[in-house]
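# Fold and geometry: a report
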Amino acid sequence: MEKVGVFYGSTSGSTQKVAEKIGKELGEGVDLHNIREATIEMIASYSNLIFGTSAWGIGDMQDDWEDFIDELGQIDFSGKKIALFGLGDQLEYPESFVDGLGTLYCRLPDKSVVVGEWPKKGYSYYFSLAEKDDQFVGLVIDDHQQPDLTEKRISDWAKILKKAFN
């Protein structure tokens, strides 16, 4: 597997912790970057990318992603693979569950390079912008309501990514 660049936005540290767990699960060759400190050149240097965000309020991405998202349009994603993950709270925000993840997906200039979709089964919510074709556009983590499932979900998703990134 070629090097993987994991770019995350984290306000309270939860998304960073998940990014670190994903990196550990994928093994060697994973570089973690806070999107607050990222550049277009850094992102463009990877063939395999993982973008992670939390959801804030009703449908907002994490602030650092909000500040950077328009820069993605300047990157040529041809030949790259992008996986996405998002954090949310299905009990507190069932009408906008992991909408930050959905917004991140919607703002990607080339959706054809997205890999690592995730099943909706096991979550309870009303609506999510992160749904596409009856699944999530990436890994969904709810550490507030389902912390006991986080490790297994990350492990299972990492197996999917190892195949997709080859």
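See the structure printed just above.
All values reported here derive from a predicted model rather than from experimental measurement.

## Things to note about the overall build of the protein chain
Check the secondary structure of the protein chain and you find five helices and nine strands. Overall, the protein chain shows an N-to-C arrangement of helices and strands of β-α-β-α-β-β-α-β-α-β-β-β-β-α. Its C-alpha atoms give the protein chain a radius of gyration of 14 Å, near enough to 15 Å, the size a compact globule of 166 residues would have. By its C-alpha atoms, the protein chain is 40 × 30 × 30 Å across when sized along the principal axes. Looking at the protein chain as a whole, 52% of its 166 residues are labelled buried. Considering only intrachain contacts with a sequence separation of at least 6, the fraction spanning at least 24 residues in the protein chain is 76%. About 7,900 Å² of surface is accessible on the protein chain, with carbon and sulfur atoms providing 47% of the total. Computing the positive centroid from 17 side-chain charges and the negative centroid from 29, the protein chain places the two 8 Å apart.

## Concerning a negative patch on the surface
Judged by side-chain charge, Asp-60, Asp-63, Glu-66 and Asp-67 come together as a negatively charged surface patch. Broken down by element, the negative patch gets its largest block of residues, three residues, from helix H3 (residues 63-68). Considering the arrangement of structural elements, one finds Glu-66 in helix H3.

Thresholds applied
Residues numbered from 1 in each chain as written. Predicted model: local features only at pLDDT ≥ 70, side-chain atom pairs only at ≥ 80, totals over all residues. Heavy atoms only, no water. Helix = DSSP H or I, 4+ residues; strand = E, 2+ residues; numbered from the N terminus. Rg over C-alpha atoms; globule rule 2.2 N^0.38 Å. Buried < 20%, exposed > 50% of the residue type's maximum accessible area, 1.4 Å probe, protein only. Contact = heavy atoms within 4.5 Å. Areas by Shrake-Rupley, 256 points an atom, 1.4 Å probe, with all protein chains shown as cover. Lys, Arg positive; Asp, Glu negative; His and termini not counted. Charge placed at Lys NZ, Arg CZ, Asp CG, Glu CD. Patch = residues over 30% accessible without salt bridge, like charges linked within 9 Å, V, L, I, M, F, W, Y side chains within 5 Å. Salt bridge = Lys/Arg side-chain N within 4 Å of Asp/Glu carboxyl O.

Everything listed here is a matter of geometry and, on its own, says nothing about what the molecule does.
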